[in-house]
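Analysis of the macromolecular model
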Amino acid sequence: MSIQIGTVDISVNPSHESRFDFRKQSQLTTEYEDGTFETFSSGRTMIDCVLQLDYVDNDEWNELMLFLNNTVQYSKITFTVTPPSFFDLGLGAGVAVTNATYTGPPNTKDLYTPVGRLGRKNVIFNFSYPKPI
């Protein structure tokens, strides 16, 4: 199995620390003295994903780094993420996410930690996308 981020195939599965969370950026709730609440809400709910990919080989890391830097230019251009059939990115197991935006640091040095002597890396890749209506 593998995960595809844009045009890059990563041959390892996301680790169990990977997750998705919901966020409502444009919601404001006010509590009044009588114990009632008033909520103003607009915009879409966002799904924030954190992919932890352990032991990514050097060639795949280089492809991901070049894709992030040259193709999507970090957060400038959206992309598609296709998970393995058993993995859920917020839309159901195996369902691809379109319109994803990178939300990690604006550099590649903070995305990975070297592992072992074979040039492998543990990668943490963050992205968000709007929850379908």
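Before any of the text, the structure's been laid out above.
All of these numbers come straight from a predicted model, not from anything done at the bench. (Residues numbered from 1 in each chain as written. Predicted model: local features only at pLDDT ≥ 70, side-chain atom pairs only at ≥ 80, totals over all residues. Heavy atoms only, no water.)

Another point: the overall build of the chain. Scanning the chain from terminus to terminus reveals 1 helix and 10 strands. Each principal axis of the C-alpha distribution contributes one length, and for the chain these read about 65 × 30 × 25 Å. Each of the 133 residues in the chain was classed as buried or not, and the buried ones make up 33%. When contacts within the chain are restricted to residue pairs at least 6 apart in sequence, those whose partners lie at least 24 apart make up 65%. Total accessible area computed for the chain in this model is approximately 7800 Å², and 51% of it derives from carbon and sulfur atoms. Positive and negative side-chain charges in the chain, numbering 10 and 15 respectively, have mean positions lying 6 Å apart. (Helix = DSSP H or I, 4+ residues; strand = E, 2+ residues; numbered from the N terminus. Buried < 20%, exposed > 50% of the residue type's maximum accessible area, 1.4 Å probe, protein only. Contact = heavy atoms within 4.5 Å. Areas by Shrake-Rupley, 256 points an atom, 1.4 Å probe, with all protein chains shown as cover. Lys, Arg positive; Asp, Glu negative; His and termini not counted. Charge placed at Lys NZ, Arg CZ, Asp CG, Glu CD.)

The subject of this paragraph is the nonpolar core. For soluble globular proteins, nonpolar side chains are generally found buried alongside one another. Counting 28 residues, the largest nonpolar core has Ile 5, Leu 51, Leu 53, Phe 79, Val 81, Phe 125 and Phe 127 as its most contacted members. Counting only elements with at least two residues in this core, the list comes to strand 1 (3-5), strand 2 (8-10), strand 6 (46-56), helix 1 (58-71), strand 7 (79-82), strand 8 (97-102) and strand 10 (120-130). It is strand 6 that provides the largest number of residues to this core, a total of 5 residues. The contact partners of Phe 79, leaving out residues within four places of it in the chain, are Ile 5, Gly 6, Phe 67, Val 72, Val 97, Thr 98, Asn 99, Ala 100, Thr 101, Tyr 102, Phe 125 and Phe 127. (Core = buried A, V, L, I, M, F, W, Y, C linked by side-chain atoms within 4.5 Å.)

Bringing the pattern of salt bridges into the picture now. Tallied over the full model, the rule gives 3 salt bridges. In this structure, Arg 19 engages Asp 21 in a salt bridge whose closest nitrogen and oxygen atoms are separated by 3.0 Å. Accessibility expressed as a relative area gives 46% for Arg 19, which makes it partly exposed. Asp 48 is the partner of Arg 23 in a salt bridge, and the nearest nitrogen-oxygen pair spans 2.8 Å. Pair noted here: Arg 23 is in strand 3 (residues 19-23) and Asp 48 is in strand 6, with a separation of 25 residues, a long-range link. (Salt bridge = Lys/Arg side-chain N within 4 Å of Asp/Glu carboxyl O.)

Moving on to the pairing of strand 4 (residues 27-31). Bridge analysis of strand 4 against strand 5 (residues 37-41) gives 5 bridges, and the strand direction is antiparallel. Within the sheet, the bridge partner assigned to Glu 31 lies in strand 5 and is Phe 37. Where strand 4 hands over to strand 5, the hairpin turn is made up of 5 residues, of which Gly 35 adopts a positive phi near 90°. (Pairing = 2+ DSSP bridges.)

Attention now goes to the packing of aromatic side chains. For the structure shown, the criterion picks out 8 aromatic pairs. Between Tyr 74 and Tyr 102 the ring centres are 6.1 Å apart and the planes differ by 55°, which places this aromatic pair in the tilted class. Residue Tyr 74 is located in the loop between helix 1 and strand 7, and its partner Tyr 102 is located in strand 8; the two are separated by 28 residues in the primary sequence. Given a relative accessible area of 17%, Tyr 74 falls into the buried group. Summarising the aromatic geometry, the rings of Tyr 102 and Phe 125 are spaced 5.4 Å apart at their centres and angled 45° between planes, so their arrangement reads as tilted. With Tyr 102 in strand 8 and Phe 125 in strand 10, the pair connects residues that are 23 residues apart, well separated along the chain. By relative accessible area, Phe 125 is classed as buried at 0%. Members of the aromatic cluster, each reached through a chain of ring pairs, are Phe 67, Tyr 74, Phe 79, Tyr 102, Phe 125 and Phe 127. (Phe/Tyr/Trp six-rings, centres within 6.5 Å; stacked < 30°, edge-to-face > 60°.)

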